[in-house]
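Letter by letter, the chains look like this.
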Amino acid sequence: IVAPRSQPDLFNGDLLVTRLRQLGLSGVRGVEPHENGSVMVSVTPRGVLRVHRGYAYAPDTVLRAIVEFVRPHVRRQRRLRLERGILDFPAHSFVPPRKPRKRRRATRQEDRPMLQALAQRHEQFNVKFFGGSLSKVPFRISRRMERRLGDVLLSADGKRPIEIGISHDHLVRDGWREVEHTLLHERPVDHGAEFRRKAREIGVEPRAVRDVERARNERKQEYT
């Protein structure tokens, strides 16, 4: 499939929403196409489906997976299989993420030690698990993440991470053991078969998003 990049973003978004509705999308208050380069498919606390515009060019099988993925009460194993099918489609190749804004919020003074610790752990993991092949990447601590532990902002071609965000609540609440798990997960870009193989090799769950509430429940089970 060749993406018609010359067409406006609204075309991509309208096409995507229309196809999802035709394939049975229901139970959401709306659909918000995006190209922000981090979470590909998610549902906001307000019940709005946020989905990358690149999926407008995906085959029906992938869109059906999205439709089923956002339905409530889908069993966890089934949801993981759906997620793998969704992420295997290279949406970034069709609608690259927008360039990040040049203006960034100033780093809070109290966040600097955590940013330094994140950078140090990234360097250690790079040597230990990736043979020093990974490039350095800046970190951002977010106080806005409510349902996610971390995210990754990709370059325009969707192949290179240019910033990794970690939830502030995650850092102060869950401890460095959980944060290291999130950090290892957010660093790779390709979430296809090769990524899943590498994730299993280094002991990381091969999922692109770890829901905060689910992670909290997993910790309760682990320590009780």
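Residues numbered from 1 in each chain as written. Predicted model: local features only at pLDDT ≥ 70, side-chain atom pairs only at ≥ 80, totals over all residues. Heavy atoms only, no water.

Asks: Any chance you could explain unusual backbone geometry here in plain terms?
Replies: Working note: non-glycine residues mostly have negative phi, and peptide bonds are mostly trans. You will see that His73, though not glycine, has its phi angle at about 70°, which is positive. Note on placement: His73 falls in the loop between helix H2 (60-69) and helix H3 (76-88). (Helix = DSSP H or I, 4+ residues; strand = E, 2+ residues; numbered from the N terminus.)

Asks: It is not clear to me how the environment of Val67 should be interpreted in this structure. Could you clarify?
Replies: Here Val67 lies in helix H2. For Val67 and Leu20, which are 47 residues apart along the polypeptide, the C-alpha to C-alpha distance reads 6.8 Å. The contact partners of Val67, leaving out residues within four places of it in the chain, are Leu20, Leu23, Gly24 and Leu25. (Contact = heavy atoms within 4.5 Å.)

Asks: I would appreciate a short explanation of the nonpolar core in the present structure.
Replies: Soluble globular proteins tend to bury their nonpolar side chains together. In terms of nonpolar packing, the biggest core is built from 28 residues, with Leu20, Val41, Leu49, Val51, Tyr55 and Ile66 touching the most fellow members. Sorting the residues of this core by element identifies helix H1 (9-22), strand E3 (48-52), H2, H3 and helix H4 (91-94) as the ones contributing at least two each. At six residues, H2 tops the list of elements feeding residues into this core. Those residues in contact with Leu20, other than ones at most four positions away along the chain, are Leu25, Val31, Leu49, Val51, Leu63, Ile66 and Val67. Formed by 15 residues, the second largest nonpolar core is a distinct cluster that contains Phe125, Phe139, Ile141 and Ile166. (Core = buried A, V, L, I, M, F, W, Y, C linked by side-chain atoms within 4.5 Å. Buried < 20%, exposed > 50% of the residue type's maximum accessible area, 1.4 Å probe, protein only.)

Asks: Looking at this structure, I do not really get the sheet that holds strand E4 (residues 139-142). What am I missing?
Replies: Adjacent strands of a sheet form backbone hydrogen bonds with each other and so pair up, either parallel or antiparallel. One open sheet holds the three strands; their spatial order is E4-E6-E5, and the pairing between them is mixed. What marks the edges here is a single partner per strand, and that holds for E4 and strand E5 (150-154). Along the sheet, successive strands turn relative to each other by an average axial angle of 25°, direction set aside. As paired elements, E4 and strand E6 (residues 161-167) share four bridges and run parallel to each other. What sits directly across from Ile141, in E6, is Ile166. (Pairing = 2+ DSSP bridges. Axes fitted to C-alpha atoms, helices over the stretch in contact; angles between N-to-C directions.)

Asks: Would you mind showing me how to read the sheet that holds strand E1 (residues 30-34) here?
Replies: Ordered in space as E1-E3-E2, the three strands form an open sheet in which the pairing is mixed. In the strand order of this sheet, the two ends are held by E1 and strand E2 (41-43), each with one partner. Taking each pair of neighbouring strands and ignoring which way they run, the sheet shows an average axis angle of 20°. Sheet analysis places E1 next to E3, joined by five bridges and oriented parallel. Bridging from a neighbouring strand, Glu32 pairs with Arg50 of E3.

Asks: I keep staring at the packing of H2 against H3 and nothing clicks. Help me out?
Replies: For any two helices packed against each other, one specifies the crossing angle of their axes together with the interaxial distance. Packing of H2 against H3 leaves a shortest axis separation of 9 Å and a crossing angle of 145°. H3 is crossed by H2, and the crossing has left-handed handedness. Contact residues: Val62, Ala65, Ile66, Glu68 and Phe69 in H2; Arg78, Arg79, Leu82, Glu83, Gly85 and Ile86 in H3. (Left-handed = near helix turned anticlockwise from the far one by under 90°.)

Asks: How should I be thinking about the packing of aromatic side chains in this particular structure?
Replies: Centre distance and the angle of the planes are the two values used to describe a pair of aromatic rings. This structure, assessed with the given rule, holds three aromatic pairs. Ring centres of Tyr57 and Phe94 lie 5.6 Å apart, and the angle between their planes is 20°; this geometry places the pair in the stacked category. In this pair, Tyr57 sits in the loop between E3 and H2 while Phe94 sits in helix H4, placing the two residues 37 residues apart along the sequence. Seen from their ring centres, Phe89 and Phe94 are 5.2 Å apart, and the 10° between their planes marks the pair as stacked. What links up through ring pairs into an aromatic cluster is the set Tyr55, Tyr57, Phe89 and Phe94. Its end group placed over the ring of Phe69, Arg79 keeps NZ or CZ at 5.2 Å from the ring centre. Of note, Arg121 hangs over the ring of Trp176, and the distance from its end group to the ring centre comes to 4.0 Å. (Phe/Tyr/Trp six-rings, centres within 6.5 Å; stacked < 30°, edge-to-face > 60°. Lys NZ or Arg CZ within 6 Å of the ring centre and 35° of its normal.)

Asks: What should I look at first to understand H3 in this one?
Replies: Side chains that are three or four residues apart share a direction in an α-helix, a result of its 3.6 residues per turn. A rise of 1.5 Å per residue sets the reference length of H3, with its 13 residues, at 18 Å; its end C-alpha atoms lie 18 Å apart and thus fit the reference within 8%. Taken together, the buried positions of H3 are occupied by Arg79, Leu80, Leu82, Glu83, Ile86 and Leu87. Projected down its long axis, H3 shows its buried positions confined to an angular sector of 165°, all on one face. (Expected span 1.5 Å × (residues − 1). Arc of directions from axis to C-beta.)

Asks: I'm lost on the confidence of the model for the protein chain in this one. Help?
Replies: Predicted coordinates in areas of low pLDDT are best not read in detail. Counting all residues, the mean pLDDT for the protein chain is 77, and 70% of those residues have values of 70 or more. Taken together, the stretch residues 1-8 has pLDDT below 50 and engages in nine contacts with residues farther than four places along the chain or on a different chain. Ignoring residues within four places in sequence, the model shows residues 206-224, a span with pLDDT below 50, making 42 contacts including any to other chains. (pLDDT = per-residue confidence, 0-100.)

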